[in-house]
Amino acid sequence: MADERVALVLGAVKGIGREIGLSLARRGIRTVLTWHDWEESLPAMEAAFAEVGCDHEIVRVDLTDTEVVPGLIKRVIDRFGRLDILINNIERGGMPVVHGTYTKNQWELEVATTLTAKRWVFEAALPYLKKAPDGCVVNLTSIAGVVGRSGPASYLFNEGYSALNRGISLLTETWARLGAPNVRVNELMLGVMDTRHGKETRGWGMHPDKVKKGLVDHTLLGRTGTPDDVVKAVSFLAFDAPFMTGSVIRLDGGYVLGGDRVWEMPEGVEKL
């Protein structure tokens with residue numbers, strides 16, 4: 001029997017969003033995929049989804065304009081008749097090394113993209129998610145909401161971006177209450193990923209070598225994350241965690257725990 005489910009994936013033109021969308025399509029889940037900028041990545045996106053062959057629609061939309069959000073959800077319903085999964089993957093990364101000191105316009109754009117757009121999309125999608133047999137929302141956020149502008153991450157996370165990601169964690173909890181019992185809402189908090197803050201971003205090449213090394217050394221697993229790491233975690237939340245809602249999974253290779261390590265016991269003390 002064909003999979004009748006429908007997913008809306010925000011920010012799917014490249015990187016993590018695209019790989020999540022492709023993983024859903026490979027399951028036979030019909031997808032609506034949004035993009036706004038990075039137009040040079042669009043042909044590769046279109047080719048990748050065409051190759052998978054599952055029914056999908058690619059929509060260009062500026063979600064910082066909250067007035068267009070109801071129209072996006074209507075487009076999903078008009079095309080496919082239902083909505084089961086929302087992948088809330090839209091943000092503007094506040095990387096100090098790229099953007100420099102905040103301007104008023106940049107601050108407002110980060111708020112509109114990283115926080116406000118997620119909220120308006122959830123609100124518009126919720127009535128349809130509640131009609132689904134197993135409605136599911138995954139909010140993609142950043143460990144910036146935990147570590148802020150500190151240590152090696154000082155070059156990665158502006159204080160505004162950090163505050164906005166911490167705000168999403170509060171929304172995750174509230175939305176889980178609003179969606180219950182029909183809709184599960186969970187959060188995947190990402191560390192330094194290859195295509196988000198990591199080596200495949202324009203900001204990575206602007207870091208001094210000592211900063212790159214510091215970021216990796218601070219991560220217990222000694223590497224940056226990959227889109228495949230994210231896809232596996234999203235798959236767990238969407239399909240294999242039926243009793244989980246309002247929770248946060250931190251996918252950071254141990255960055256938050258990094259830095260200080262467990263010291264060896266002194267000489268003369270019996271070791272385990």
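Residues numbered from 1 in each chain as written. Predicted model: local features only at pLDDT ≥ 70, side-chain atom pairs only at ≥ 80, totals over all residues. Heavy atoms only, no water.

Draft legend 1. View of the pattern of salt bridges. A complete count under the given rule lists 18 salt bridges for this structure. Put simply, Arg-30 and Glu-4 hold a salt bridge, and the shortest N to O gap is 3.7 Å. Of this pair, Arg-30 sits in strand β2 (residues 30-35) while Glu-4 sits in the segment before β1 (6-9), placing them 26 residues apart in sequence. Overall, the relative accessible area of 38% leaves Glu-4 in the partly exposed class. Where Asp-84 meets Arg-82, a salt bridge forms, and the shortest distance between an N and an O atom there is 2.7 Å. Owing to a relative accessible area of 27%, Arg-82 belongs among the partly exposed residues under this scheme. (Salt bridge = Lys/Arg side-chain N within 4 Å of Asp/Glu carboxyl O. Helix = DSSP H or I, 4+ residues; strand = E, 2+ residues; numbered from the N terminus. Buried < 20%, exposed > 50% of the residue type's maximum accessible area, 1.4 Å probe, protein only.)

Draft legend 2. Local environment of the packing of helix α1 (residues 15-26) against helix α9 (residues 227-239). At a minimum axis separation of 9 Å, α1 and α9 run at an interaxial angle of 50 degrees. Compared by their axis directions, α1 and α9 come out oblique. For α1 against α9, the interelement crossing comes out right-handed. From α1, Ile-16, Glu-19, Ile-20, Ser-23 and Leu-24 reach across to α9, where they touch Pro-227, Val-230, Val-231, Val-234 and Phe-239. A class-by-class count of the residues in the contact of α1 with α9 yields eight nonpolar, one polar and one charged. (Axes fitted to C-alpha atoms, helices over the stretch in contact; angles between N-to-C directions. Parallel < 35°, antiparallel > 145°, perpendicular 65-115°, else oblique. Left-handed = near helix turned anticlockwise from the far one by under 90°. Contact = heavy atoms within 4.5 Å. Nonpolar A, V, L, I, M, F, W, Y, C, P; charged D, E, K, R; others polar.)

Draft legend 3. Molecular detail of the sheet that holds strand β4 (residues 85-88). Taken in spatial order, the seven strands make up an open sheet running β3-β2-β1-β4-β5-β6-β7, and their pairing is parallel. Edge strands, defined here as strands with exactly one partner in the open sheet, are β3 (56-60) and β7 (248-251). Geometrically, the sheet is characterised by an average inter-axis angle of 15 degrees between neighbouring strands, direction not taken into account. Pairing between β4 and strand β5 (residues 135-142): four bridges, direction parallel. In the strand pairing of β5, Asn-88 is matched with Asn-139. Against the sheet, helix α5 (residues 104-129) touches β1, β4, β5 and β6 (183-190), its axis set at about 175 degrees to β4. Along the sheet face, α9 touches β4, β5, β6 and β7 and points at about 160 degrees away from the line of β6. (Pairing = 2+ DSSP bridges.)

Draft legend 4. View of the environment of Ala-132. Checked against the element boundaries, Ala-132 lands in the loop between α5 and β5. Along the primary structure Ala-132 and Arg-60 are separated by 72 residues, whereas in three dimensions their C-alpha atoms are 25 Å apart. Not counting residues within four places of it along the chain, the set of residues in contact with Ala-132 comprises Leu-83 and Asp-84.

Draft legend 5. Inspection of unusual backbone geometry at higher detail. For the bond running from Ala-180 to Pro-181, omega is 0 degrees, close enough to zero to count as cis. Within the secondary structure layout, Pro-181 lies in the loop between α7 (159-179) and β6. Its identity as a non-glycine residue notwithstanding, Trp-38 has a phi of 60 degrees, on the positive side. Backbone geometry at His-197 places phi at a positive 80 degrees, although glycine is not the residue there. If you trace the backbone, His-197 turns up in the loop between β6 and α8 (209-217). For His-197, a relative accessible area of 4% corresponds to the buried category.

Draft legend 6. Inspection of the pairing of β4 at higher detail. The alternating pattern of β4 places Ile-85 and Ile-87 on one face and Leu-86 and Asn-88 on the opposite face, and all of these are buried. As paired strands, β1 and β4 are joined by three bridges and run parallel to one another. Across the sheet, residue Ala-7 finds its bridge partner in β4, namely Ile-85.

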